[in-house]
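# Structure assessment
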Amino acid sequence: MKYQSQSIAKLYFIAAIGLFVGQILFGVILGLQYVMGDFLFPEIPFNVARMVHTNLLIVWLLFGFMGSAYYLVPEEAERELYAPWLAKLMFWIFLVAGALTILGYLLVPYATLAEITMNDLLPTMGREFLEQPTITKIGIVIVALSFLFNIGMTILSGRKTVINLVMLTGMTGLAVFFLFSFYNPDNLVLDKYFWWFVVHLWVEGVWELIMASILAYVLIKITGVDREVIEKWLYIIIAMALITGLIGTGHHFFWIGTPGYWQWLGSVFSALEPIPFFMMTLFAFNVVNKRRRDHPNKAATLWALGTAVMAFLGAGVWGFLHTLAPVNYYTHGTQITAAHGHMAFYGAYVMVVLTMISYSMPIMRGQKAGNDRAQIVEMWSFWLMTVSMVFITLFLTGAGILQVYLQRYSEDPMTFMVTQDKIEVFYWMREVAGLVFLAGLGAYITSFFVKGEEVKIA
Amino acid sequence: MKSDKTTDKELQIQLASNAALASLINLTILPIIGFIALIWIYRKTQAGTIARYHAVLGFKINIVAAAVLFLVSALMILFGGFNSPWTWVYVITYFTLVHTLFIVLAVWALVRAWSGDTLLNSNSS
Ligand code: HEM
Ligand code: HEM
Ligand SMILES: [Fe+2]
């Protein structure tokens, strides 16, 4: 660690991992509720557990992204962070706001939460992923703006590398698109239309820049490959991400009441969206193949390669699977969507944050890499989580295909609930895979505490 | 000035890269056309070179992929029945996953061709 202020990342990463555990616990609760409908009812109804699961995911990924930025920005800019105190203050504000919001979901009925937080003044609640009370959303904006100011000042007054500029652009986009969550028109078509400006333009737009920047940073560090080579790749990847991803939003405008031309625009542009993810695979493989040194942190290399492959699989392949309008006509909102959502979020954003943590955490703890035994446990956790996520995806895909066939394709379609009964076996298998994932997460956390011979910083 | 030897090596790597790219293209956006391109590149290679190695590797990956993907899918349809939803559960899931595995393998082959290496051994001198 070259700069003292980089260590703020540690705070963010610890919070991220803690919330990750919460997210997965609620995931397995949800999975069980799918097959045992009254499990934990009325204490934790399905809709509440779902909200906690998805909101925790988003919040911990944001902690992960900010932590990653606080670690890599000073080193790239070759100076201390502009205002370390601000980063610390914002950490606590974000953590407290996040915790209060989750507690609000769990302790009071959602309608009461809306009332207490005075949603009436500026109604923004009640939409998937954007369930947070308006006041929490305002808190998120304040945290995001302070964060941008902090890394912006650091970057602009320091060495300007492509990695830093891509990170700054991605984070700015993240903040800007989040503003659409405050726009909540009565017209349901407009509501859905702009809802996707947050959800789609995040994961298939600006977050890809953040991801590419983190991946590029870690790959430079562990492979020693020339910055120039990596920068060229970065340019192509972000150009492709934006060219395909912006208009690709149209793949959500097929059936919500928007004009018919979106079926063409959405299909064509989103069919190209796998390209940036594919390029990231090619990029990571190429750089690791041409590495100039063998970094002692094997686990971080594994995470980086894993991200490159799994993001392509989850976002690229499983996204393409249902992105053409004639296919999406059948698959829209089925378990196919959930299958894709899980593998894409895990493969791209969960894994890239874990890659960064894997690389930087040992350094922040005064070692070059985790000791051998710790790395072996960490690699076990990589395989347990990744393989079980592949199985979760496969089971949900199977459930989705059967669902589409029975409920939407066959000559005499079944009703929704009758279909759900027919595909129950897949939900049981998903739950088992989910428990393996939880075990993998347990191994992951254990890896931070495994003692062994230290790998000293050279 | 470059000696003939290094230019030849660069040429071989160039050919090997084209072969690996054709193989990848055949597996992804342009099936059959990619294969024809691969045959065409193969005919320009000589025995014992890295270019020949990658052209042959491309054939192997694509022929095995075609067999494993189409044959197994066809068998699934044959035994499962065209009108059974379960057939499609297996066929679509299987095809998507295994197809991707071959693509990932072909991507690795491509970066190995770029660095003038075979799949497993680094013989860059
Ligand atoms: C890492 C990147 C990605 C992530 C995290 C992601 C995640 C998601 C999630 C969570 C949903 C469900 C949204 C909802 O209705 O609640 C979704 C829907 C969808 N995604 Fe992605 N996605 C990614 C990339 C892609 C790509 C590259 C494509 C296309 C090639 C794609 C195609 C789709 C389509 C068509 C839907 C709509 C499904 C439906 O109609 O129900 N996604 N995505
Ligand atoms: C890092 C791992 C995970 C990620 C990134 C993740 C992500 C998500 C996302 C994005 C959604 C919303 C899906 C959509 O809108 O289509 C979701 C819902 C859900 N997740 Fe997860 N999840 C993870 C782990 C798990 C685990 C381990 C389980 C349980 C076995 C689980 C069970 C569920 C269930 C049951 C839903 C609700 C689906 C529905 O409404 O039909 N998740 N998750
Ligand atoms: Fe999308």
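This section reports on the structure supplied with the text.

Basis of the calculations
- Residues numbered from 1 in each chain as written.
- Chains lettered and ligands numbered in written order.
- Predicted model: local features only at pLDDT ≥ 70, side-chain atom pairs only at ≥ 80, totals over all residues.
- Heavy atoms only, no water.
- Helix = DSSP H or I, 4+ residues; strand = E, 2+ residues; numbered from the N terminus.
- Rg over C-alpha atoms; globule rule 2.2 N^0.38 Å.
- Buried < 20%, exposed > 50% of the residue type's maximum accessible area, 1.4 Å probe, protein only.
- Contact = heavy atoms within 4.5 Å.
- Areas by Shrake-Rupley, 256 points an atom, 1.4 Å probe, with all protein chains shown as cover.
- Lys, Arg positive; Asp, Glu negative; His and termini not counted.
- Charge placed at Lys NZ, Arg CZ, Asp CG, Glu CD.
- Donors = N, O, S within 2.8 Å, 3.2 Å for Na, K, Ca; no water.
- Buried area = accessible area lost by both parts, 1.4 Å probe.
- Salt bridge = Lys/Arg side-chain N within 4 Å of Asp/Glu carboxyl O.
- Polar contact = N/O pair within 3.5 Å; in protein donor to acceptor, adjacent residues only side chain to side chain.
- Nonpolar A, V, L, I, M, F, W, Y, C, P; charged D, E, K, R; others polar.
- Near = heavy atom within 4 Å.
- Phe/Tyr/Trp six-rings, centres within 6.5 Å; stacked < 30°, edge-to-face > 60°.
- Lys NZ or Arg CZ within 6 Å of the ring centre and 35° of its normal.

Along its length, chain B carries four helices and zero strands. Compactness check: chain B gives a C-alpha radius of gyration of 18 Å against a globular reference of 14 Å for 125 residues, more than 25% above the reference. Dimensions of chain B along its principal axes, counting C-alpha atoms only, are 65 × 25 × 20 Å. Counting only residues that meet the buried cut, chain B has 44% of its 125 residues in that class. At a minimum sequence separation of 6, the contacts of chain B that also span at least 24 residues come to 58%. Total accessible area on chain B stands at roughly 7200 Å², and carbon and sulfur atoms take up 71% of it. The distance from the centre of the 8 positive side-chain charges to the centre of the 4 negative ones in chain B is 9 Å.

Counting secondary structure elements, chain A contains 16 helices and zero strands. Each principal axis of the C-alpha distribution contributes one length, and for chain A these read about 70 × 45 × 45 Å. Relative to its full complement of 458 residues, chain A shows a buried share of 62%. When contacts within chain A are restricted to residue pairs at least 6 apart in sequence, long-range pairs at least 24 apart make up 82% of them. Split by element, the accessible area of chain A, about 18400 Å² in all, is 70% carbon and sulfur. Taking the average location of the 26 positive side-chain charges in chain A and that of its 28 negative ones, the two points are 12 Å from each other.

Residue and element names in this part refer to chain A. Around the iron ion (ligand 3), the protein contributes the donor atoms His200 (ND1), Glu204 (OE), Glu204 (OE), His251 (NE2) and His252 (NE2), at 2.1 to 2.7 Å from the metal centre. As a motif over one chain, the donors of the iron ion (ligand 3) read H-x3-E-x46-H-H. The distance between the iron ion (ligand 3) and the iron atom of ligand 1 is 4.3 Å. Separated by four residues within a single helix, histidine 200 and glutamate 204 lie in helix H7 (residues 188–223), roughly one turn from each other. With relative accessibility at 0%, the residue histidine 200 sits in the buried group. Given the relative accessible area of 13%, glutamate 204 is considered buried.

This part is about the interface of chain B and chain A. The parts lose accessible area when they come together, and the size of an interface is often stated as this lost area. Contacts between the two partners involve 22 residues from chain B, matched on the other side by 22 residues from chain A. Summed over both partners, the interface of chain B with chain A buries about 2000 Å², with 85% contributed by carbon and sulfur atoms. At the junction of chain B and chain A, the tally comes to zero salt bridges. One can count four residue pairs in polar contact (both at pLDDT 80 or more) joining chain B with chain A. Broken down by element, the residue count for the side of chain B that touches chain A peaks at 17 residues, all from helix H4 (residues 85–114) of chain B. Looking at the side of chain B that touches chain A residue by residue, the class counts come to 14 nonpolar, six polar and two charged.

This paragraph deals with the site of ligand 2. Residues and elements named next belong to chain A. Neighbouring ligand 2 are 26 residues, the closest being Tyr34, Arg50, His53, Glu128 and His342. Glutamine 23 has a polar side-chain atom sitting 3.5 Å from a nitrogen atom of ligand 2. Measuring from a nitrogen atom of ligand 2, one finds a side-chain N or O atom of histidine 53 at 2.8 Å. Counting only elements with at least two residues in the shell around ligand 2, the list comes to helix H1 (8–35), helix H2 (46–77), helix H13 (335–364), helix H14 (372–409) and helix H16 (424–447). Looking at the shell around ligand 2 element by element, the count peaks at eight residues for H1. Per-class residue counts for the shell around ligand 2 are 15 nonpolar, seven polar and four charged.

Residues and elements named next belong to chain A. On inspection of all chains with the given rule, the structure shows 56 aromatic pairs over all chains. Each ring, one from phenylalanine 178 and one from tryptophan 202, has its centre 5.8 Å from the other, and the planes form 20 degrees; the classification is stacked. One end of the pair, phenylalanine 178, is in helix H6 (residues 162–178); the other, tryptophan 202, is in helix H7, with 24 residues separating them in the sequence. In this structure phenylalanine 178 comes out as buried when scored by relative accessible area, which is 6%. Arranged with centres 5.2 Å apart and planes meeting at 85 degrees, the rings of tyrosine 329 and tyrosine 330 form a pair that is edge-to-face. Residue tyrosine 329 is classed as exposed on the basis of its relative accessible area, which comes to 55%. Within the aromatic cluster, the residues linked to one another by ring pairs are Phe177, Phe180, Tyr183, Tyr193, Phe194, Phe197, Phe253, Tyr261 and Trp262. Above the face of the tyrosine 34 ring, arginine 430 is positioned so that its terminal group lies 4.8 Å from the ring centre.

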